[in-house]
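Descriptive analysis of the structure
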Amino acid sequence: MELIKEDEGLEPVSPTGQYFNSKVMSISILGILESEIPIDDSLATSLIIDVFLPINPRFSSIMVMGKKGARKWKNVEVNVENHVHVPSFSSPKGSSSPSENDSFLKSYISQIAMHPFPQGQPLWEIHIIKCPTSEAQGTIIFKLHHALGDGYSLVGALLSCLQRADDPSLPITFPSVNKFSSANKDDRNTGIRKVVGTCFLPLVNTVRDFGWSLLKSTCLEDDLSPIRCGSGSFQPFSVSTITFSLDRIKEIKSCLRVVTNIILKTILSLASCMTHALLDLLAFYFLRYTFISIVLHYNGFLHMTSSKTINDVITGVIFLATRLYMQRASPNSNLSTNSTALVLLNTRNLRDYKSVREMVRPNSKSLWGNNFAFLHVPIPKVKASDSQFSNPLKFVYKAREVIKKKRSSFGVILTGKLLEMMKKCRNPEAVATHINRTMRNSSMIISNVPGPMEKLSLANHPIKGIYFTVAGSPESLQVTMISYAGNLRVVVRAKQGFINSELYTRSLLDAFDLILRDACGKHK
């Protein structure tokens, strides 16, 4: 890294940017666009200069070491040719088939992910693959260093280069993110419940979450399992993708609401019978308190289910698929292992997706940069007697319950303050080691980014699909997701030679079918 004596006027690198570009780890985001037609790269250079580079000054900057060891962004002249790569795939027999190119593409993605960025030039690359695969006629890979921004920022940057395929003059729209569902609003009533819900429970959750996070980042490791080998370094991986219809996921969500209504009607009917039963005073009090205990028992379930979101459903699918994979990859494996997923939480205070122009605005509530945190979410255990997974919906309910509790705590804020103190008392490398150990001690990482609702195009190239993955982190299994034009693309990044990514994607399909059948099969 270049050392400079004068750093006045240079933009400082964010703390997270320093952690992710350190001696301990170098984290990158790979954004992949699939073209419906063969790619014409003759306009690539002009598009990069006129459209891509102006998005943010960091795309024309390198990271330098200023006075007192502070890292800064220094603007430089960009040589586009150093950043654009156009590989060609071929088999020993000559031209390769689309299915052969699928294998070549997966190997190429792993290869460029393992290759570090030169520190003397801006931290991004573009790879244009003209060879057709079974999914697309051409593929464009954007490799962007995580120090430039998080997935929300960088995916937003990529999408700002695109236009709507139906009408370029119309703005791209994104799914809204409702911070409070109607169920949450109904729950904010007066009385003891409000006091307990708004004061006491968040306090308890904060203490528990902060303590648990501290333990998981220091001395408490997940059990070794078919999805965790315990390696502390980033190693070659394989990538597999699968697509789910958002309508099918919404169908599961709707069916779960039907289940809630059935249970609620049953309880109210039982209450009515109890009220009219009044055989004597003792029976009245017995039934009264029995009913209250039933309502209290189901209250958490009702509230949890009525506010079920798409994220809860797909997280439950991933958790079920993970246990299914563990059983299939190693039939004698223990399905009650202590396995934790690091779920990435966007910490921006927003209700919908913001454009890059809005993100780079001063005092924006949706700032450009790295604004996320890790949530430690335990993967539900399966008893040895339940090897047939008799209750698939348990995984959805459990995911919702745990994530909701963690969202209501301030453990993420305290963890952020701890990292700040560690940086001041020691150095960014120490914090990077702490974050790397946090990821290494867990079994998997889950990340989700909202995508556009319409089909898009890039320089008159209709985009068939969009997906992304993260490179450089030490975990053996990673699942990333992005929505696009009515579908959800799920990407499995698995350690090569340890996890069978194809078997895992099949487990995802089976888990989705199990949950769909269990949620909706009896209510159609």
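Anyway, here's the lowdown on the structure attached to this text. Fair warning: this is a prediction, and the values are worked out from it, not measured in the lab. (Residues numbered from 1 in each chain as written. Predicted model: local features only at pLDDT ≥ 70, side-chain atom pairs only at ≥ 80, totals over all residues. Heavy atoms only, no water.)

1. Overview of the sheet that holds strand β1 (residues 11-12)
A sheet is described by the order of its strands in space; here three strands give the open sequence β1-β4-β3, paired in antiparallel fashion. Two strands lie at the open edges of the sheet, namely β1 and β3 (61-65), each paired on one side alone. Examined bridge by bridge, β1 and strand β4 (residues 71-75) share two bridges and lie antiparallel to one another. The partner of Pro12 across the bridge, within β4, is Lys72. (Pairing = 2+ DSSP bridges. Helix = DSSP H or I, 4+ residues; strand = E, 2+ residues; numbered from the N terminus.)

2. Thoughts on the state of the cysteines
Counted by the stated rule, this structure contains one disulfide. In this model Cys255 forms its disulfide with Cys520; the gap between the sulfur atoms is 2.3 Å. Handedness here is read from the sign of the S-S torsion; for Cys255 and Cys520, about 120 degrees, the answer is right-handed. With Cys255 in helix α7 (residues 246-277) and Cys520 in helix α14 (residues 501-520), this pair connects stretches of sequence that are 265 residues apart. (Disulfide = S-S within 2.5 Å.)

3. Focus on the packing of aromatic side chains
Overall, the coordinates contain eight aromatic pairs when judged by the stated rule. Ring geometry for Phe52 and Trp124: centres 5.0 Å apart, planes at 65 degrees, overall edge-to-face. Of this pair, Phe52 sits in helix α2 (residues 44-52) while Trp124 sits in strand β6 (residues 124-129), placing them 72 residues apart in sequence. Accessibility classification places Phe52 together with Trp124 in one group, the buried group. (Phe/Tyr/Trp six-rings, centres within 6.5 Å; stacked < 30°, edge-to-face > 60°. Buried < 20%, exposed > 50% of the residue type's maximum accessible area, 1.4 Å probe, protein only.)

4. Quick notes on the environment of Ala511
Residue placement: Ala511 occurs in helix α14. Ala511 sits in the buried class, given a relative accessible area of 0%. Expressed as a C-alpha distance, the spacing of Ala511 and Ala321, which sit 190 residues apart in the sequence, is 5.2 Å. What Ala511 contacts, discounting residues up to four positions off in sequence, is Val317, Leu320, Ala321 and Leu324. (Contact = heavy atoms within 4.5 Å.)

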